[in-house]
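Survey of secondary and tertiary structure
The chain contents come next:
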Amino acid sequence: MRRLNRKKTLSLVRELDAFPKVPDSYVETSASGGTVSLIAFTTMALLTIMEFSVYQDTWMKYEYEVDKDFSSKLRINIDITVAMKCQYVGADVLDLAETMVASADGLVYEPAIFDLSPQQKEWQRMLQLIQSRLQEEHSLQDVIFKSAFKSASTALPPREDDSSQPPDACRIHGHLYVNKVAGNFHITVGKAIPHPRGHAHLAALVNHDSYNFSHRIDHLSFGEPVPGIINPLDGTEKIALDHNQMFQYFITVVPTRLNTYKISADTHQFSVTERERVINHAAGSHGVSGIFMKYDLSSLMVTVTEEHMPFWQFFVRLCGIVGGIFSTTGMLHGIGKFIVEIIYCRFRLGAYKPVNSVPFEDGHTDNHLPLLENNTH
């Protein structure tokens, strides 16, 4: 009884077979079928390689939400060289809450040479080239995000030549912690001193002819520094054509949470608009000579996440490629073979010419082909 039930079960399962085998004696091969099969296998191989490259690649996903963190401090990372001696310039931050952050809280004044060495000029040229490409191709920012923390440093390399030229500039570098409100970071003539209505700079002690706010921004970023990230103002150089010249940068800071397979960090992106003008009170152009960076914070936070195609999705797409090409090439081969057979049959029928009609006594004609008689002689 058990053996009989087993045979019935196997017979039932055999009838449910959706992939029946066709005996080799019933399979007919052809040159056209072999050609189509070769094309199908080649196409499948190419698409499989392309699909595998897509599976290996990653992409950046951007999500937006309201930034709810207003109590923490904002870090400003600064590395600027001004073409004036350090005793003549002062840098500080004044925000909308009338809070002044002095440069002594985190900035270092270092005498330097404004002109770059040949190696440093090559670094600046390459950085400016990258900046121009980033403005044209916004998708390159995703490549920079994915290569963060593993790419080469973007900092200005040290001088490789032993120049005997005395320092003629001041390198101001370091970082400051400010409130997360709009503010103004500026570098102007004279050191900053507290004032009941804000603050002031001791500019009266500096000779007007020594004013020169030509500057180079080697690095400016907000938040925790991330190696490999290129910011919009990195590598910027401005040359002052007048002693009384004002350089203004209007910056919008966007909090950014970066999550990649290499790094996870809370940083900030920013966009900037530049403006410069000569101070001439007689012509109605009022202001103070110097470098002014007015920043404001966006209320939205961007979360940038690096994503990868899961294996099951890659497997499903691969099966779709193989099955789709098999089905499509099979249908195209069948349709092509059918059309060729129709054309071939019409050519064969056209090869037989009709014979002359035979009239009958009643006026009708016989259009039938005569039967071939066997020649027995």
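Procedures and definitions
- Residues numbered from 1 in each chain as written.
- Predicted model: local features only at pLDDT ≥ 70, side-chain atom pairs only at ≥ 80, totals over all residues.
- Heavy atoms only, no water.
- UniProt positions renumbered as here; feature names shortened; annotations may be inferred.
- Helix = DSSP H or I, 4+ residues; strand = E, 2+ residues; numbered from the N terminus.
- Buried < 20%, exposed > 50% of the residue type's maximum accessible area, 1.4 Å probe, protein only.
- Areas by Shrake-Rupley, 256 points an atom, 1.4 Å probe, with all protein chains shown as cover.
- Disulfide = S-S within 2.5 Å.
- Pairing = 2+ DSSP bridges.
- Axes fitted to C-alpha atoms, helices over the stretch in contact; angles between N-to-C directions.
- Salt bridge = Lys/Arg side-chain N within 4 Å of Asp/Glu carboxyl O.
- Expected span 1.5 Å × (residues − 1).

As annotated in an unreviewed UniProt entry, the protein chain carries the name Endoplasmic reticulum-Golgi intermediate compartment protein and is attributed to Camelus dromedarius. Here is the UniProt Function (unreviewed entry) comment for the protein chain, exactly as written: "Plays a role in transport between endoplasmic reticulum and Golgi." Annotation of the protein chain in UniProt includes, under Sequence similarities (unreviewed entry), the sentence "Belongs to the ERGIC family."

A few words on the overall build of the protein chain. Within the protein chain, the regular secondary structure consists of five helices and 17 strands. Counting over 377 residues, the protein chain shows a buried share of 33%. Just so you have it, the protein chain exposes about 25,000 Å², and 60% of that area is on carbon and sulfur atoms.

Attention now moves to the state of the cysteines. One pass over the structure, following the stated rule, counts one disulfide. The disulfide partner of C86 is C170, and the gap between their sulfur atoms is 2.2 Å. Between C86 and C170, the disulfide has an S-S torsion of 105 degrees and is therefore right-handed. Linking C86 in the loop between β2 (73-82) and β3 (89-95) with C170 in strand β6 (residues 169-179), this pair joins segments that are 84 residues apart in sequence. Across the pair, C170 and C86 agree in class, each one buried.

What follows covers the sheet that holds strand β10 (residues 215-222). Strands in a sheet are paired, the pairing made by backbone hydrogen bonds, and the direction either parallel or antiparallel. The strand order β5-β6-β2-β10-β11 describes an open sheet built from five strands, whose pairing is antiparallel. Here the strands that pair on one side only, and so sit at the sheet edges, are β5 (107-112) and β11 (236-238). With strand direction ignored, the average angle separating the axes of adjacent strands in the sheet is 20 degrees. Taken together, the three bridges between β10 and β11 define a ladder with antiparallel strand orientation. Across the sheet, R216 pairs through a bridge with E237, a residue of β11.

Before going further, it helps to examine the pattern of salt bridges. Scanning the model with the defined rule gives eleven salt bridges in all. Close ionic contact of R171 with D79 constitutes a salt bridge, the shortest N to O distance being 2.9 Å. Here the residue R171 occupies a position in strand β6, and D79 occupies one in strand β2, the gap between them amounting to 92 residues. On the basis of relative accessible area, D79 is assigned to the buried category, the value being 13%. The salt bridge partner of D218 is R216, with a shortest N-O separation of 3.1 Å. Taken individually, D218 and R216 each receive the classification buried, so the pair is uniform in this respect. It is possible to trace a salt-bridge network through shared partners that takes in K61, E63 and E307.

Turning next to helix α2 (residues 31-56). A rise of 1.5 Å per residue sets the reference length of α2, with its 26 residues, at 38 Å; its end C-alpha atoms lie 38 Å apart and thus fit the reference within 8%. Among the residues of α2, those classed as buried are G33, A40, M44, E51 and Y55.

Most of strand β7 (residues 183-189) is tucked away: seven of the seven residues are buried. The sheet contact formed by β3 and β7 spans seven bridges and is antiparallel. Note on β7: the bridge partner recorded for L94 is N184. Of the pairings in the sheet, the one linking β7 to strand β14 (residues 290-297) comprises six bridges and is antiparallel in character. Residue pairing for β14: F185 is matched across the bridge by M293.

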